[in-house]
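Coordinates in review
Chain by chain, the residues:
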Amino acid sequence: MPVEEFAAGWISGALGLVLGHPFDTVKVRLQTQTTYQGIVDCMVKTYRHESVLGFFKGMSFPMFSIAVVNSVLFGVYSNVLVALTATSHQERRGQPLNYTHVFIAGCTAGVLQSYCLAPFDLIKVRLQNQTEPRAQPGGPQPRYRGPVHCAATIFREDGPRGLFRGSSALVLRDTPTLGLYFLTYEGLCRQYTPDGQNPSSATVLVAGGFAGIASWITATPFDVIKSRMQMDGLRQGKYKGILDCVSSSFRQEGIGVFFRGLTINSARAFPVNAVTFLSYEYLLHAWE
Ligand SMILES: CN(C)C(=N)NCCC[C@H](N)C(=O)O
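This structure is a prediction, so every number in the text was calculated from the model and none was measured.

Rules behind the numbers
- Residues numbered from 1 in each chain as written.
- Predicted model: local features only at pLDDT ≥ 70, side-chain atom pairs only at ≥ 80, totals over all residues.
- Heavy atoms only, no water.
- Helix = DSSP H or I, 4+ residues; strand = E, 2+ residues; numbered from the N terminus.
- Rg over C-alpha atoms; globule rule 2.2 N^0.38 Å.
- Buried < 20%, exposed > 50% of the residue type's maximum accessible area, 1.4 Å probe, protein only.
- Contact = heavy atoms within 4.5 Å.
- Phe/Tyr/Trp six-rings, centres within 6.5 Å; stacked < 30°, edge-to-face > 60°.
- Core = buried A, V, L, I, M, F, W, Y, C linked by side-chain atoms within 4.5 Å.
- Near = heavy atom within 4 Å.
- Polar contact = N/O pair within 3.5 Å; in protein donor to acceptor, adjacent residues only side chain to side chain.
- Areas by Shrake-Rupley, 256 points an atom, 1.4 Å probe, with all protein chains shown as cover.
- UniProt positions renumbered as here; feature names shortened; annotations may be inferred.
- Axes fitted to C-alpha atoms, helices over the stretch in contact; angles between N-to-C directions.
- Parallel < 35°, antiparallel > 145°, perpendicular 65-115°, else oblique.
- Left-handed = near helix turned anticlockwise from the far one by under 90°.
- Nonpolar A, V, L, I, M, F, W, Y, C, P; charged D, E, K, R; others polar.
- Salt bridge = Lys/Arg side-chain N within 4 Å of Asp/Glu carboxyl O.

Looking only at helices and strands, one finds ten helices and zero strands in the protein chain. For the protein chain, the N- to C-terminal ordering of α and β elements is α-α-α-α-α-α-α-α-α-α. Scaling as 2.2 N^0.38, a compact globule of 288 residues should have a C-alpha radius of gyration of about 19 Å, and the protein chain matches this with 19 Å. Of all 288 residues assigned to the protein chain, the portion counted as buried reaches 53%. At a minimum sequence separation of 6, the contacts of the protein chain that also span at least 24 residues come to 80%.

This is the structure:
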């Protein structure tokens, strides 16, 4: 089993994460709170109320979890592709690509990574939605004092299942969209690379960026549902399940609700995934 794919996935994911987290905070707030008039309003209010640190709320935990999640994503994708095609990453460059294999490998990686991602993503979303400025000594404490306190509180209040709140919506979001993610990336690399050669850095950047945009555009409706299910406490739950969340969000806010965060998701997706794929390819090449 090629383990370097797991390591490269981890490092490249961490680089993408730092670049994309401020966009992610704005997106989560727009999707789950109705107090903002749009991206700029959310950015201005976050900055005024919480300073630049507000944009980086909830980042320490994903920094740690990205090690698990991105290495599972890239490691499973590559290893499933090796199993389906009986060729390594490097050997595949010289052969015609079977897009069905790419899609199956991407979807498989999507399912597995969503279960690893679920508790980390839940904690991130809960922390990002705490809009109070940092606690002052003697002042009121926010509900969650940090990622470990957040995990412990959810566990105490809702049991282990509470940590997987929203995981079905996450699987629905990530399975097809990660198939599409790798399909777009491999397809664009093939299109702009002469047969048998490795894609240039510019090709990898552009293909990675567009893979991110294509996957996040299609993921946004389920991303909204996922974030709402995650903010819905297990006990005092407002929604009875995914379908109830879809129908009540639609009834109350119209079709536009499913596209909330689309612009910011797409703006974030290009740089994050361009950097992720470039560093991933670079590391694999360096370790050959
Ligand atoms: C549409 N989805 C769920 C994805 N494309 N997922 C892959 C994540 C890649 C990168 N860390 C990111 O956060 O964009």
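Once that is clear, we can look at the packing of aromatic side chains. Counted under the stated rule, the structure contains nine aromatic pairs. Summarising the aromatic geometry, the rings of Phe 74 and Phe 277 are spaced 5.5 Å apart at their centres and angled 70 degrees between planes, so their arrangement reads as edge-to-face. On the criterion of sequence distance, the pair formed by Phe 74 in helix α3 (residues 60-85) and Phe 277 in helix α10 (residues 262-286) is long-range, its members being 203 residues apart. Pair check on accessibility: Phe 74 and Phe 277 agree, each one buried.

Quick look at the nonpolar core now. A general feature of soluble globular proteins is that nonpolar side chains tend to end up buried together. Counting residues in hydrophobic clusters, the biggest one holds 24 residues, and the most contacted among them are Leu 73, Phe 74, Tyr 77, Tyr 181, Phe 182, Tyr 185 and Phe 277. Mapped by element, the contributors of at least two residues to this core are α3, α5 (99-128), α7 (167-191), α8 (201-231) and α10. It is α3 that contributes the most residues to this core, seven residues altogether. Other than its neighbours up to four places away in sequence, Phe 182 contacts Leu 73, Phe 74, Tyr 77, Val 102, Gly 106 and Phe 277. Core analysis: the next-biggest nonpolar cluster, separate from the first, contains 14 residues, Val 69, Ala 118, Tyr 144 and Ile 154 among them.

Taken together, Leu 73, Arg 173, Asp 174, Thr 177, Leu 178, Tyr 181, Ser 215, Trp 216, Ala 219, Arg 268, Val 272 and Asn 273 make up the full set of residues adjacent to the ligand. Ser 215 is positioned such that a nitrogen or oxygen atom in its side chain is 3.0 Å from a nitrogen atom of the ligand. A distance of 2.9 Å is found between an oxygen atom of the ligand and a side-chain nitrogen or oxygen belonging to Trp 216. About the coverage of the ligand: the protein hides 92% of its 380 Å² of free accessible area. In terms of residues, the shell around the ligand owes the most to one element, α7, which gives five residues.

This part takes up the UniProt feature "transmembrane region" (unreviewed entry) in the protein chain. Mapped onto this structure's residue numbering, the UniProt feature "transmembrane region" (unreviewed entry) falls at residues 63-87 and 202-225. With 92% helix and 0% strand, residues 63-87 has end C-alpha atoms that lie 32 Å from one another. For the annotated span residues 202-225, helix accounts for 100% and strand for 0% of the residues, and the straight-line distance between the end C-alpha atoms is 35 Å.

Following both chains from N to C, one finds helix α1 (residues 4-32) and α3 inclined at 130 degrees, their axes separated by 7 Å at the closest point. As far as their axial angle goes, α3 and α1 are oblique. Judged by the twist between their axes, the crossing of α1 over α3 is right-handed. In contact with Glu 5, Phe 6, Gly 9, Trp 10, Ser 12, Gly 13, Ala 14, Leu 17, Val 18 and His 21 of α1, α3 contributes Pro 62, Met 63, Ile 66, Ala 67, Asn 70, Ser 71, Val 72, Phe 74, Gly 75, Val 76, Ser 78 and Asn 79. Its residues assigned to classes, the contact of α1 with α3 shows twelve nonpolar, nine polar and one charged.

Let us look at the pattern of salt bridges. Overall, the coordinates contain 15 salt bridges when judged by the stated rule. Residues Arg 165 and Asp 232 are paired through a salt bridge, measuring 3.1 Å at the closest nitrogen-oxygen approach. Within this pair, whereas Arg 165 is found in the loop between α6 (147-162) and α7, its partner Asp 232 is found in the loop between α8 and α9 (242-253), the two being separated by 67 residues in sequence. According to the relative accessible area criterion, Asp 232 is buried, its value standing at 6%. In this structure, the salt-bridge partner of Glu 253 is Arg 228, at a minimum N-O distance of 2.9 Å. With Glu 253 in helix α9 and Arg 228 in helix α8, the pair connects residues that are 25 residues apart, well separated along the chain. One connected set of salt bridges, linked through shared partners, spans Asp 24, Lys 27, Asp 121, Lys 124, Arg 173, Asp 174, Asp 223 and Lys 226.

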